Amino acid sequence: MWCGCVAGCYDCCMRCLGGVPYCSLVATLLCFSGIALFCGCGHQALTETERLIETYFARNLQDYITLAYIIQYFQYVIYGLASFFFLYCIMLLAEGFYISSAARQTFGEFRSTMCGRCLSSSFIVMTYGLAALWMLVFALSALPVYFLYNMTSTCNTIDVLTETPASINQLCVDARQYGLLPWNAVPGKACGMTLSAVCKTREYQMTYTLYVAAFAGAGITVLALLTYTVSTTYNFAVLRYLGRKGIGARC
């Protein structure tokens with residue numbers, strides 16, 4: 001009898017595991033990880049950027065007040081993105097479980113409805129749209145990484161040319177040419193040993209690391225959304241099949 005109980009539990013566990021929508025589950029974990037990296041690190045990186053601009057590139061509050069408002073705006077957008085993707089990923093995962101064989105085994109044989117197929121097709125359109133939009137976000141998140149990479153390269157060059165001060169003073173990073181500050185901002189740029197000192201500060205190193213982490217998070221989110229496109233497309237095909245045959249499947 002004990003062996004029978006073990007066999008029964010084993011069969012039950014195998015049925016449950018067989019009904020897990022692994023594709024949607026992996027995409028959800030990737031999406032949560034990517035959004036957490038992008039939103040968390042991106043929020044702090046924007047705060048550190050404002051501090052760097054205020055300390056080393058602008059002396060007058062009016063020179064960077066617009067940048068401060070833009071940073072604050074993007075931080076609010078980050079709050080909204082985190083909330084939206086958390087709810088959206090949960091809905092996609094729930095759809096995967098609904099279409100899985102676990103749902104069929106729990107609730108019996110069922111046929112998909114027109115409403116279910118319409119909802120599934122809506123998820124496909126939204127997921128494809130979000131994937132395309134997030135590719136743009138991924139590309140834009142590379143811009144601050146590129147800017148800080150160039151700044152680090154300039155600082156490394158300054159460290160190599162320490163024996164020629166005249167050449168060092170000609171090596172500068174101008175925040176105004178990147179649109180971070182207006183052209184009348186003072187000083188607006190850092191040159192020579194001043195720039196080298198900026199690159200060695202804890203604030204700069206932290207900002208660079210945070211932007212790289214946010215860039216990686218955006219890439220992980222793109223991968224998650226592409227995985228979701230496969231999952232939602234498969235789920236829609238399954239629903240159409242259920243509408244004709246009345247059986248369940250999973251993705």
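On a predicted model such as this, the values are computed, not experimentally measured, just so you know.

Notes on a nonpolar patch on the surface
Here is step 1: A cluster of nonpolar side chains, namely Phe32, Phe86, Leu87 and Ile90, defines an oily patch on the protein surface of about 370 Å² accessible area.
Here is step 2: Per-element tally for the nonpolar patch: the top contributor is helix H3 (residues 61-99), with three residues.
Here is step 3: Here Phe86 lies in helix H3.
Here is step 4: A relative accessible area of 47% places Phe86 in the partly exposed class.

Focus: the nonpolar core
Here is step 1: Judged by nonpolar contacts, the single largest core of 50 residues is most densely connected at Trp134, Met151, Leu181 and Leu195.
Here is step 2: Of all the secondary structure elements, the ones that give two or more residues to this core are helix H2 (22-57), H3, helix H5 (114-140), helix H6 (142-160), helix H8 (192-199) and helix H9 (202-245).
Here is step 3: Contact partners of Met151, with chain neighbours within four places excluded, come to Phe57, Val173, Leu195, Val198, Cys199 and Tyr204.

Structural notes on the UniProt feature "transmembrane region" (unreviewed entry) in the protein chain
Here is step 1: Per the UniProt record, the feature "transmembrane region" (unreviewed entry) sits at residues 76-98, 119-143 and 210-230.
Here is step 2: Along residues 76-98 one finds 100% helix and 0% strand; the C-alpha atoms at either end are 34 Å apart.
Here is step 3: Taken end to end, residues 210-230 has its terminal C-alpha atoms 31 Å apart, with 100% of it in helix and 0% in strand.

Some words on the state of the cysteines
A covalent bond between the sulfur atoms of two cysteines is what we call a disulfide.
Here is step 1: The full count for this structure, using the stated rule, is two disulfides.
Here is step 2: Across the disulfide from Cys155 sits Cys199; the S-S distance is 1.8 Å. When the S-S torsion is 55°, as for the bridge of Cys155 with Cys199, the disulfide is right-handed. Separated by 44 residues along the polypeptide, Cys155 in helix H6 and Cys199 in helix H8 bring together distant segments of the chain.
Here is step 3: According to the relative accessible area criterion, Cys199 is buried, its value standing at 7%.
Here is step 4: Residue Cys172 pairs covalently with Cys191 via a disulfide, S to S 1.9 Å. Here the S-S torsion is close to 110°, and the disulfide linking Cys172 with Cys191 is therefore right-handed. In this pair, Cys172 sits in strand E1 (residues 172-174) while Cys191 sits in strand E2 (residues 189-191), placing the two residues 19 residues apart along the sequence.
Here is step 5: Assessed through its relative accessible area of 22%, Cys191 is described here as partly exposed.
Here is step 6: Not part of a disulfide, Cys39 finds its nearest cysteine sulfur in Cys31, a span of 9.6 Å.

Quick word on the side chain of Thr227
Here is step 1: Turning to its location among the elements, Thr227 is positioned in helix H9.
Here is step 2: On the basis of relative accessibility, which here comes to 18%, the residue Thr227 falls in the buried class.
Here is step 3: Contacts of Thr227, omitting those with residues within four sequence positions, involve Cys23, Ala27 and Leu30.

Cut-offs used in this document
- Residues numbered from 1 in each chain as written.
- Predicted model: local features only at pLDDT ≥ 70, side-chain atom pairs only at ≥ 80, totals over all residues.
- Heavy atoms only, no water.
- Patch = residues over 30% accessible without salt bridge, like charges linked within 9 Å, V, L, I, M, F, W, Y side chains within 5 Å.
- Areas by Shrake-Rupley, 256 points an atom, 1.4 Å probe, with all protein chains shown as cover.
- Salt bridge = Lys/Arg side-chain N within 4 Å of Asp/Glu carboxyl O.
- Helix = DSSP H or I, 4+ residues; strand = E, 2+ residues; numbered from the N terminus.
- Buried < 20%, exposed > 50% of the residue type's maximum accessible area, 1.4 Å probe, protein only.
- Core = buried A, V, L, I, M, F, W, Y, C linked by side-chain atoms within 4.5 Å.
- Contact = heavy atoms within 4.5 Å.
- UniProt positions renumbered as here; feature names shortened; annotations may be inferred.
- Disulfide = S-S within 2.5 Å.

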